[in-house]
Amino acid sequence: MTQTQINDIARLEKIRRFVAIDAESTGVGRPSRKEMLNAAPDWKPKGVVIEIGAVEYLKVDGAWRRGETFHSYVNPCAPISHWGFKIHGITYKTLKGAPWFDRVAPRLMAFLGNAPLVAQGYSNERDYIDFEMARAGLIAYGEQTFPQNRWLCTQSIYRRYFAKSPTNLDAICDALGIDRTGRVKHGALQDAELTAEALLAMAESLKRRSAHAA
């Protein structure tokens, strides 16, 4: 076992609650950090997030238990691209009555609390949230909503300890024996749940490796 592996296992063992999170988008690229920082004061970009799902896991008597979930569609006030629709199957008609992100944000932040955040390819979720929080006026453009050390990335963990490729969610679930038969298209809540299951499966595998190496 390397020191990095030992440190990762120790971190996972200390966690008592984590929240896995996933977001779906319009399929239109969000502005870069440079574009956001250099934008005019009256710049009003369109939204990109259309769905957010999150699930909490709690450690109870030494075992992980699935807790509450959070789910909301988000009206981006922007069209859905053809590419985005092919990924998640969500149309703008579905989102017409959905709240804007500024209405979703307080409930989402309350649900997340201070827990570590788990995401598959976390930089996507991080950047989506940062952009929408800035767009809602809750942080400045270019700022981060959460510190970097709060994130756990299942894709990075899998790539580091299990395989270099492929590392998409379907491939990781298949390699770890996680049932994903209901995942026909991307969905924020289902993908958050699969991400959480992937983290727990990898943590258990790392614990077994540590025990065998002792």
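Before going into details, it helps to say that this report is about the structure given with it. This structure is a prediction, so every number in the text was calculated from the model and none was measured.

## Concerning the nonpolar core
Next up, step 1: Among the nonpolar cores identified, the biggest contains 29 residues, and Val19, Ile21, Ile52, Phe70, Leu112 and Trp151 are the most heavily contacted of them.
Next up, step 2: Counting only elements with at least two residues in this core, the list comes to β1 (17–25), β2 (49–60), α5 (101–112), β4 (117–119), α6 (122–135) and β5 (151–153).
Next up, step 3: Sequence-distant contacts of Ile52, that is, excluding residues within four places in its chain, are made with Ile21, Asp22, Ala23, Phe70, His71, Ser72, Val74, Phe101, Leu108 and Ala188.
Next up, step 4: Counting residues in each nonpolar core, the second largest holds 23 residues, with Ile15, Tyr57, Val118 and Cys173 among its members.

## Some details on α5
Next up, step 1: Taking 1.5 Å per residue as the helical rise, α5 with its 12 residues ought to reach 16 Å, and the 15 Å between its terminal C-alpha atoms agrees with that figure.
Next up, step 2: Along α5, the residues that are buried comprise Phe101, Val104, Ala105, Leu108, Phe111 and Leu112. Viewed along the axis of α5, the buried residues span an arc of 135°, placing them on a single side of the element. Seen from the buried face of α5, the exposed residues on the opposite side, beyond 90 degrees, are Arg103, Pro106 and Ala110.
Next up, step 3: Those residues of α5 hidden inside the fold are in contact with β1, β2, β3 (63–73), β4 and α6.
Next up, step 4: Where α5 ends, the next residue or the one after it, Gly113, has phi of about 55°, a positive value.

## Comments concerning the environment of Ile178
Next up, step 1: Mapped onto the secondary structure, Ile178 falls in the loop between α8 (169–176) and α9 (188–213).
Next up, step 2: A sequence separation of 74 residues divides Ile178 from Val104, and the C-alpha atoms of the two residues are 30 Å apart.
Next up, step 3: Not counting the four nearest positions on each side in its chain, Ile178 is found in contact with Cys173, Leu194, Glu197, Ala198 and Ala201.

## Side note on the sheet that holds β1
Next up, step 1: One open sheet accounts for 5 strands, arranged β3-β2-β1-β4-β5; its pairing is mixed. Two strands close off the open sheet at either side, each with one partner strand: β3 and β5. If you compare each strand with its neighbour and ignore which way they point, the axes differ by 25° on average.
Next up, step 2: In this structure, β2 lies alongside β3, joined through 9 bridges in antiparallel fashion.

## Side note on unusual backbone geometry
Next up, step 1: The backbone of Asp61 sits at a positive phi, close to 55°, despite the residue not being glycine.
Next up, step 2: The class for Asp61 is exposed, based on a relative accessible area of 80%.
Next up, step 3: Even without glycine at this site, Cys77 takes up a positive phi of about 55°.
Next up, step 4: Counting through the fold element by element, Cys77 comes out in the loop between β3 and α3 (82–88).

Reading guide: rules and limits
Residues numbered from 1 in each chain as written. Predicted model: local features only at pLDDT ≥ 70, side-chain atom pairs only at ≥ 80, totals over all residues. Heavy atoms only, no water. Core = buried A, V, L, I, M, F, W, Y, C linked by side-chain atoms within 4.5 Å. Buried < 20%, exposed > 50% of the residue type's maximum accessible area, 1.4 Å probe, protein only. Helix = DSSP H or I, 4+ residues; strand = E, 2+ residues; numbered from the N terminus. Contact = heavy atoms within 4.5 Å. Expected span 1.5 Å × (residues − 1). Arc of directions from axis to C-beta. Pairing = 2+ DSSP bridges. Axes fitted to C-alpha atoms, helices over the stretch in contact; angles between N-to-C directions.

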